[in-house]
Amino acid sequence: MLSTSNSNAHHASPTGQQRTTAILVTGAGGEMGHGLLSALNAARTSNSSVGDDAHPAIIAVDIRELAPEIREQCDHTYVGDVCDHALLERLLAMYEISEIYHLAALLSTRSEFAPETAHQVNVGGTLNLLHLAAEQARSHGRTVRFFFPSSIAVYGLPDLATKHAAGAISEGKFCDPHTMYGCNKLTGEHLGRYYDHHYRKLAKDRFENPVDFRSIRFPGIISAETMPSGGTSDYGPEMIHAAAAGREYHCFVRPDSRIPFMTMPEAIDATVRLMRTPKKNLKRSVYNVSSFSPSAEDFASLVRQAFPKAAITFQPDLGRQSIIDSWPETCDDSAARRDWGWNATHTLQAAFSQYLLPRIAGRYAKTSAH
Ligand code: AKB
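Below is a short write-up of the structure. These numbers were taken from a predicted model, which means no experiment stands behind them. (Residues numbered from 1 in each chain as written. Predicted model: local features only at pLDDT ≥ 70, side-chain atom pairs only at ≥ 80, totals over all residues. Heavy atoms only, no water.)

Regarding the sheet that holds strand 7 (residues 211-218)
We count it as follows: For two strands to be treated as a pair, DSSP must find no fewer than two bridges joining them. Put simply, DSSP H or I for four residues or longer makes a helix, DSSP E for two residues or longer makes a strand, and each gets a number counted from the N terminus. Lines fitted to C-alpha atoms define the axes, with helix axes restricted to the stretch in contact, and inter-axis angles between N-to-C directions lie between 0 and 180 degrees. A contact between two residues is defined here by any heavy atoms of the two lying within 4.5 Å.
An order of 3-2-1-4-5-7-11 is seen for the seven strands of this open sheet, with the pairing classed as parallel. Edge positions in the sheet fall to strand 3 (76-79) and strand 11 (286-288), since each of these pairs with one other strand and no more. Going across the sheet, the axis of each strand differs from the next one's by a mean of 20 degrees, ignoring polarity. Bridge count between strand 1 (residues 20-26) and strand 4 (residues 95-102): seven bridges; the pairing is parallel. By the bridge assignment for strand 4, Val25 is matched with Tyr101. Across the face of the sheet, helix 5 (residues 115-140) comes into contact with strand 1, strand 4, strand 5 (144-151) and strand 7 while running at roughly 150 degrees to strand 4. Its contacts with the sheet put helix 9 (residues 264-276) on strand 4, strand 5, strand 7 and strand 11, and the angle it makes with strand 7 is roughly 155 degrees.

Here it is, written out as C-alpha cells:
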C-alpha cells in the first residue's frame, strides 16, 4: 500500500493520539470525485458551526495518484486499493470517520471483460467499506452515514418491446441485471440495507444501526470537466467532447437508443441533498433520479447544431448495444421527489445551452490555445 499524504489549512496530519474527524471519499479520482470534493469543501466552508464535526477533514483514497486539482480539495490523500484491509485498518486507527462516499468501482463495459475482478472490486470493496463504517461506529459510538452510487444498470429489460412498453420504471421493477456491474450494484444495495438495519442480528454485543446507508441509482452522467471511462452510457459525453475537440466520433449504439441521463452538477447536487436529509424523511434506502432521456440521435442533432463540423457516424457494437437495450428508457423518480426534494435542474436542451456548451467549449479552447 502506498500512501501520499498532504495537508491543507484545515487539518494537521493525523499523527497525534486524538483521531481526526473525517469524511472519506473512495475513487476520488473518478468522474464524480472532482465535483463531489468541491461540493464537500463548499459545505464545510459555509458551515458556521464550530468544532471538528462541523469541519471534518476530507480524506480521499484512489487506486492511482490523484491529480493536483483533486489533491488540493482534500486534507489527506492515499493511493491504495479499497480491497486492501491493511489500508482500511490504518484509516480506522487514524480517523473518526463520520461519512463515507464510496465512488470506487469498475463500470459496466470494463466489468464485462473481467467480471470476476469487477466482482472483487465492486462487491469486495463495498463490503470492506461497509465493515469499516460498522467498526468506526462501534469505536466512536455514532452511526456512519454512507453514500453508495448505484446505477440504472441494476435494471434488466428482457427485450426492446418490453423496454418501450414499460414506461418510467420504479425501483422495485425489472431488477434483473444483464451485466456483472449491474449485479454488483444490486448486491451493494442489499449489503447496505443489511448493514443499516440487520448487521450482526444475533450478536450479543450488537450495535444498532451502525451504518446509515443511502443510495442513488444514477443514469448516464454527462460532465463538462471529466470524461467517463469504461461505461456503456459513455457515448453521450464522448460524442460531445469529440465534437468540441474537433475529433470524428463513431457512436457505438444505434441512433434510436434511449436511456436516462443527467448532468454531473445535478448528480452531485442530488448526492449532497440526499446525504443532508434527516433519516426520518427517507422511506427507502435506494432512489431513482433522472433528468432527460434522449436518443443517441437526439444527442447527435444537438451536437451538430452546436458544432456544425461535427463528424458523427453510428457504428453499433452489438455487445454494448445489448447492454443499453436492457436498461430502461426512463425511471420513475417520484420517491426521491417525495422524500428528499429531488428535482431535475436541466432539460436536455438546457443541459447543452446552460452547462455543457459553455464549459466544454472553454475547456477545448484552452487546450487548443496551448
Ligand atoms: C455505465 O455506463 O456503466 C455507468 C452507469 C450508467 O452506471 N455510467
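As for the environment of Leu36
Heads up, the rule is: Type-normalised accessible area, obtained with a 1.4 Å probe on protein chains alone, sets the label of each residue: buried when under 20%, exposed when over 50%, and partly exposed for intermediate values.
Locating Leu36 in the fold gives a position in helix 1 (residues 33-46). Classification of Leu36 as buried rests on a relative accessible area of 0%. In this structure, Leu36 is in contact with Val25, Tyr101, Leu103, Ile268, Thr271 and Val272, ignoring residues within four places of it in sequence.

Describing the site of the ligand
To be explicit about the condition: The rule for a residue being near a molecule or strand is that one of its heavy atoms must lie within 4 Å of it. Polar contacts, as counted here, are pairs of nitrogen or oxygen atoms within 3.5 Å of one another; within protein the pair requires one atom able to donate a hydrogen and one able to accept it, and residues that are adjacent in sequence qualify only if both atoms are side-chain atoms. Note on residue classes: Ala, Val, Leu, Ile, Met, Phe, Trp, Tyr, Cys and Pro are nonpolar, Asp, Glu, Lys and Arg are charged, and everything else, Gly too, is polar.
In the vicinity of the ligand, the contacting residues are Leu107, Ser108, Ser151, Tyr181, Gly231, Thr232, Ser233 and Trp327. Contact distances for the ligand include 2.5 Å between an oxygen atom and a side-chain N or O atom of Ser108. Across the shell around the ligand, the residue classes tally to three nonpolar, five polar and no charged.

A word on the nonpolar core
Our working rule: The term nonpolar core refers to a set of buried residues drawn from Ala, Val, Leu, Ile, Met, Phe, Trp, Tyr and Cys, joined through side-chain atoms within 4.5 Å.
Core analysis: the biggest nonpolar cluster contains 75 residues, and Val25, Phe218, Tyr235, Phe299, Val303, Trp340 and Leu356 have the highest contact counts within it. Once residues within four sequence positions are removed from consideration, Val303 is found in contact with Met239, Ile240, Ala243, Ala310, Ile312 and Phe352. Core analysis: the next-biggest nonpolar cluster, separate from the first, contains 32 residues, Leu88, Met94, Tyr95 and Ala133 among them.

Some remarks on the pattern of salt bridges
Note the following rule: The salt bridge definition used is simple: a Lys or Arg side-chain nitrogen within 4 Å of an Asp or Glu carboxyl oxygen.
By the definition in use, this model includes 21 salt bridges. Salt-bridge contacts for Lys279 lead to Asp196; the nearest nitrogen and oxygen are separated by 2.6 Å. Taken together, the residues span a long stretch of sequence, with Lys279 in the loop between helix 9 and strand 11 and Asp196 in helix 7 (residues 180-197) at a distance of 83 residues. Beyond isolated ion pairs, a larger network of salt bridges with shared partners links Arg145, Asp196, Asp212, Arg214 and Lys279.

Considering the environment of Ile23
Examined against the element boundaries, Ile23 turns out to sit in strand 1. We classify Ile23 as buried; its relative accessible area is 9%. Taking the C-alpha atoms as reference, Ile23 lies 24 Å from Arg206; in sequence the two are 183 residues apart. Residues contacting Ile23, with those up to four places away along its chain left out, are Leu40, Pro56, Ala57, Ile58, Ile59, Ser98, Glu99 and Tyr101.

A word on the state of the cysteines
One way to say it: the disulfide is the covalent bond shared by the sulfur atoms of two cysteines. Our working rule: Only a pair of cysteine sulfur atoms within 2.5 Å qualifies as a disulfide here.
Summed over all chains, the structure comprises zero disulfides. Cysteine Cys83 is unpaired, with the sulfur of Cys183 as its nearest cysteine sulfur at 17 Å.

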